[in-house]
Amino acid sequence: MLKEVKEFFSSLSDIDCWVDGTGVEHFPFQSTPSEFLEFAENDLKQKGPQAAANSLANAKRALDCQLDYFLVTYGLSQISSKQNWSTSKKISLMDDLGIVP
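Heads up: these notes are all about the structure in this document. (Residues numbered from 1 in each chain as written. Predicted model: local features only at pLDDT ≥ 70, side-chain atom pairs only at ≥ 80, totals over all residues. Heavy atoms only, no water.)

**Overview of the overall build of the chain**
Part 1 of the reasoning: Regarding its fold elements, the chain presents 5 helices and 2 strands.
Part 2 of the reasoning: Sequence-ordered secondary structure for the chain, helices as α and strands as β, is α-β-β-α-α-α-α.
Part 3 of the reasoning: With 101 residues in all, the chain has 29% of them scored as buried.
Part 4 of the reasoning: Counting every atom, the chain has about 6,800 Å² of accessible surface; 54% of that belongs to carbon and sulfur. (Helix = DSSP H or I, 4+ residues; strand = E, 2+ residues; numbered from the N terminus. Buried < 20%, exposed > 50% of the residue type's maximum accessible area, 1.4 Å probe, protein only. Areas by Shrake-Rupley, 256 points an atom, 1.4 Å probe, with all protein chains shown as cover.)

Quick look at the structure:
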């Protein structure tokens, strides 16, 4: 996988995000990781197994979204989408690159 990433960077011609004059990055997502975490926290305030399941699902969405933000930022989202990378594959990439142990 690391070889694929290195090859991808060497042939990179288009990045999925852009920076405007203010330095603000724009991402093609409707929700942010912090919004999903807020949803998870709100779910935890409710009682019962359904609320706990919803909280866990929103926490996973926050993780997935954060990984996707990284991939977009570094121009890897096209290859990850094309190859349908799983969350575990994205985390393995972070580990291989020394970003997340």
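**Here we look at helix H2 (residues 33-45)**
Part 1 of the reasoning: The first and last C-alpha atoms of H2 sit 19 Å apart over 13 residues, in line with the 18 Å expected at 1.5 Å per residue.
Part 2 of the reasoning: For H2, the full list of buried residues reads Pro 33, Phe 36, Ala 40 and Asp 43. End-on view of H2: buried residues confined to an arc of 80°, all on one side of the axis. Seen from the open side of H2, the exposed residues pointing more than 90 degrees away from its buried face are Ser 34, Glu 41 and Lys 45. (Expected span 1.5 Å × (residues − 1). Arc of directions from axis to C-beta.)

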